[in-house]
Amino acid sequence: MTPSERRRVPVWFTVIVTIIALPALLLPTFIALAEDEMAESKKIFMWLFPFYLIVGAYLAWQCYGRRTVMSWILLALMFMTDCAMILLISM
């Protein structure tokens, strides 16, 4: 597939990717909400969360032109991870 055949990423998709990746900016809040006695495994997930979101958002945006379904799958996984991280921190 040549670059001219590749579809351009629409603005609305870029906005959706950005909105789903915004919780990566909440790391300081997550650290403040985390208990001192939090299990080590929870802390590891908390620190890896922003990196996962940034990489996932980039890959979803990057592959939209060629593999649209893959982009939507990545976005769904990112959204579920956002929800799971909020539940993990609040418990």
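Higher on the page you've got the structure.
Keep in mind it's a predicted model, so treat the numbers as computed, not measured.

Peer 1: For the packing of helix α1 (residues 11-21) against helix α4 (residues 68-90), give the residues involved together with the corresponding values.
Peer 2: Look at α1 against α4: their axes get within 9 Å of each other, and the N-to-C directions meet at 25°. What the angle tells us is that α1 and α4 run roughly parallel. Here the hand of the crossing between α1 and α4 comes out left-handed. Contact with α1, carried on its side by Trp 12, Phe 13, Ile 16, Val 17, Ile 20 and Ala 21, involves Ser 71, Trp 72, Leu 75, Met 78, Phe 79 and Asp 82 of α4 and no other residues of that element. Grouping the constituent residues of the contact of α1 with α4 by class yields ten nonpolar, one polar and one charged.

Peer 1: Quick rundown of the packing of α1 against helix α3 (residues 40-62)? Include the residues and the values.
Peer 2: One can describe the packing of α1 onto α3 by two numbers: an axis separation of 9 Å at closest approach and a directional angle of 170°. The angle between the axes of α1 and α3 places the two elements in the roughly antiparallel class. Packed against α1, whose contacting residues are Phe 13, Thr 14, Val 17, Ile 20 and Ala 21, the element α3 presents Leu 53, Ala 57, Ala 60 and Trp 61 at the interface.

Conventions adopted
- Residues numbered from 1 in each chain as written.
- Predicted model: local features only at pLDDT ≥ 70, side-chain atom pairs only at ≥ 80, totals over all residues.
- Heavy atoms only, no water.
- Axes fitted to C-alpha atoms, helices over the stretch in contact; angles between N-to-C directions.
- Helix = DSSP H or I, 4+ residues; strand = E, 2+ residues; numbered from the N terminus.
- Parallel < 35°, antiparallel > 145°, perpendicular 65-115°, else oblique.
- Left-handed = near helix turned anticlockwise from the far one by under 90°.
- Contact = heavy atoms within 4.5 Å.
- Nonpolar A, V, L, I, M, F, W, Y, C, P; charged D, E, K, R; others polar.

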